[in-house]
Amino acid sequence: MDIAGKNIVITGGGRGLGKQFAVDLKNLGGKPYVVDVIQNDLDALKEETGIPGEILDVTDEEKIVDFFERFTETNGAPDVLINNAGITADHFFIIKSEDKIEKFPRSNWDKVIDINLTGVFLCGREAAYHMVKHGVKGVIINISSISKAGNLGQTNYAAAKSGLVAMTVTWAKELARHGVRAAAIAPGYILTDMVAKIEQRVLDKIASRIPAGRLGEMEEISRTAQYIIECDFFNGRVIEVDGGHRL
Ligand code: NDP
């Protein structure tokens, strides 16, 4: 698919990786539209780059259905959806100290599953519906993580990020008959603005565990999205971009 002129919806695009996708794809001639939960981030993005967006919580089914209806009516169906919104709420499964033993809180589980898995399901479903309805041969890109392999303190996040890969494969198999593709990217540790604020000493320790000897750049993940969009034969697979790091 040529990126130029294409409608590209990006969830959680107000900052971090999502913003990088939006900026880079706009520079390639695409028409990004960002949804996120903080108005200030959307305003700053619009002012800085001219990229439009609006508030949308990826856990709110009614608002998601309405958003994709309105978006399609105004712009045509999305050609690309990047399911990027995601959070962490880490906790060890069981923590035993001298005087007490703690369980993984149900609330941490629900928060992460709602946003990182159910949010992907809902936005993916609505985007696919409009793509198929309008005969748009689009692509859905789901952002997984190196943690899909299972990671300390991330029962919830690992479950969501691996579940999302299984959904990706399922959608690729089901939607191929309509010319719609689905793919995923599993980034390793990436130098986002937030990560860049971590003490250098800690960053060096993380980097020492990565065969590449450094964290990834946001631009390296966005170039991966560009490849997936452009290569029509790429379908139903996850690209791991992690500098060779395995958990
Ligand atoms: P950020 O926290 O910087 O960006 C995520 C964005 O999603 C934020 O703008 C956030 O809003 C938004 N968001 C949170 N909840 C919702 C919601 N319910 N509805 C809509 N938007 C929401 O994260 P990153 O850029 O670092 O990560 C982006 C994606 O990449 C995530 O899925 C993450 O799991 C994945 N990833 C990141 C890695 C990294 O090293 N950074 C490594 C592997 C995967 P708010 O500003 O309120 O937080």
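Structure: above.
Residues numbered from 1 in each chain as written. Predicted model: local features only at pLDDT ≥ 70, side-chain atom pairs only at ≥ 80, totals over all residues. Heavy atoms only, no water.

Trainee: Describe in detail the layout of surface pockets, supporting the description with residues and values.
Mentor: Within this model, the largest pocket holds a volume of roughly 1300 Å³. In this structure, the largest pocket is lined by 39 residues; those nearest its centre are Gly86, Ile87, Thr88, Tyr157 and Met194. Taken together, the elements giving at least two residues each to the lining of the largest pocket come down to helix 1 (16-27), helix 5 (155-175) and helix 6 (193-196). Considering only residue class, the lining of the largest pocket consists of 18 nonpolar, 13 polar and 8 charged. (1 Å grid on protein atoms, 1.4 Å probe; cavity = no way out; pocket = protein on both sides within 12 Å on 5 of 7 lines; lining within 4 Å. Points joined across faces, edges and corners; volume = space filled by probe spheres on them. Helix = DSSP H or I, 4+ residues; strand = E, 2+ residues; numbered from the N terminus. Nonpolar A, V, L, I, M, F, W, Y, C, P; charged D, E, K, R; others polar.)

Trainee: Let's hear about the pairing of strand 7 (residues 139-143): which residues, and what values?
Mentor: Along strand 7, 5 of the 5 residues are buried, which leaves the element largely enclosed by surrounding structure. Residues Val139, Ile141 and Ile143 point to one face of strand 7 and Ile140 and Asn142 to the other, with burial holding for every one of them. Direction of pairing for strand 4 (residues 80-83) relative to strand 7: parallel, over a ladder of 4 bridges. Across the sheet, residue Leu81 finds its bridge partner in strand 7, namely Ile140. Read from strand 7 through helix 5 to strand 8 (residues 181-187), the crossover connection turns out right-handed. (Buried < 20%, exposed > 50% of the residue type's maximum accessible area, 1.4 Å probe, protein only. Pairing = 2+ DSSP bridges. Right-handed = clockwise from strand over helix to strand, strands pointing away.)

Trainee: Report on the site of the ligand, specifying residues and quantitative values.
Mentor: Neighbouring the ligand are 26 residues; Arg15, Leu17, Asp36, Asn84 and Tyr157 lie closest to it. Between Asn84 and the ligand, the recorded distance is 2.7 Å, taken from a backbone N or O atom to an oxygen atom. Between the ligand and Tyr157 there is a distance of 2.5 Å, counted from an oxygen atom to a side-chain nitrogen or oxygen. When the ligand sits alone it has 880 Å² of accessible area, and the protein chains cover 87% of it. Comparing atom positions with the cavity grids shows the ligand to sit within the largest pocket. Only helix 1 and helix 5 provide two or more residues apiece to the shell around the ligand. When the residues that make up the shell around the ligand are grouped by side-chain class, the tally is 13 nonpolar, 8 polar and 5 charged. (Near = heavy atom within 4 Å. Polar contact = N/O pair within 3.5 Å; in protein donor to acceptor, adjacent residues only side chain to side chain. Areas by Shrake-Rupley, 256 points an atom, 1.4 Å probe, with all protein chains shown as cover. Sits in = over half its atoms within 2 Å of the grid points.)

Trainee: Before we move on, could you go through a nonpolar patch on the surface and cite the residues and values that matter?
Mentor: On the surface, Phe93, Ile94 and Ile101 cluster together into a nonpolar patch covering about 340 Å² of accessible area. You can call Ile101 exposed: its relative accessible area is 58%. (Patch = residues over 30% accessible without salt bridge, like charges linked within 9 Å, V, L, I, M, F, W, Y side chains within 5 Å. Salt bridge = Lys/Arg side-chain N within 4 Å of Asp/Glu carboxyl O.)

Trainee: Report on the pattern of salt bridges, specifying residues and quantitative values.
Mentor: Scanning the model with the defined rule gives 13 salt bridges in all. One salt bridge in this structure joins Glu61 and Arg125, with 2.8 Å as the shortest N-O distance. Linking Glu61 in helix 3 (residues 61-75) with Arg125 in helix 4 (residues 106-133), this pair joins segments that are 64 residues apart in sequence. For the salt bridge of Glu220 with Arg214, the shortest nitrogen-to-oxygen distance reads 2.8 Å. For Glu220, a relative accessible area of 25% translates into the label partly exposed. One network of salt bridges, in which partners are shared, links Glu54, Asp66 and Arg70.

Trainee: Hey, could you go over the packing of aromatic side chains for me, with residue numbers and the actual values?
Mentor: What describes a pair of aromatic rings is the distance from one ring centre to the other and the angle between the planes of the rings. Enumeration over the complete set of coordinates arrives at 5 aromatic pairs. Ring geometry for Tyr33 and Phe71: centres 5.5 Å apart, planes at 65°, overall edge-to-face. With a gap of 38 residues between them, Tyr33 in strand 2 (residues 31-36) and Phe71 in helix 3 connect regions that are remote in the sequence. The exposure classification of Tyr33 matches that of Phe71, with both residues buried. Where Phe67 meets Phe68, the ring centres are 5.0 Å apart and the plane angle is 75°; that geometry is what we call edge-to-face. Given a relative accessible area of 1%, Phe67 falls into the buried group. Put simply, the rings of Tyr33, Phe67, Phe68 and Phe71 touch in pairs and so form one group of aromatic residues. (Phe/Tyr/Trp six-rings, centres within 6.5 Å; stacked < 30°, edge-to-face > 60°.)

What is shown is where atoms sit, not what they do.
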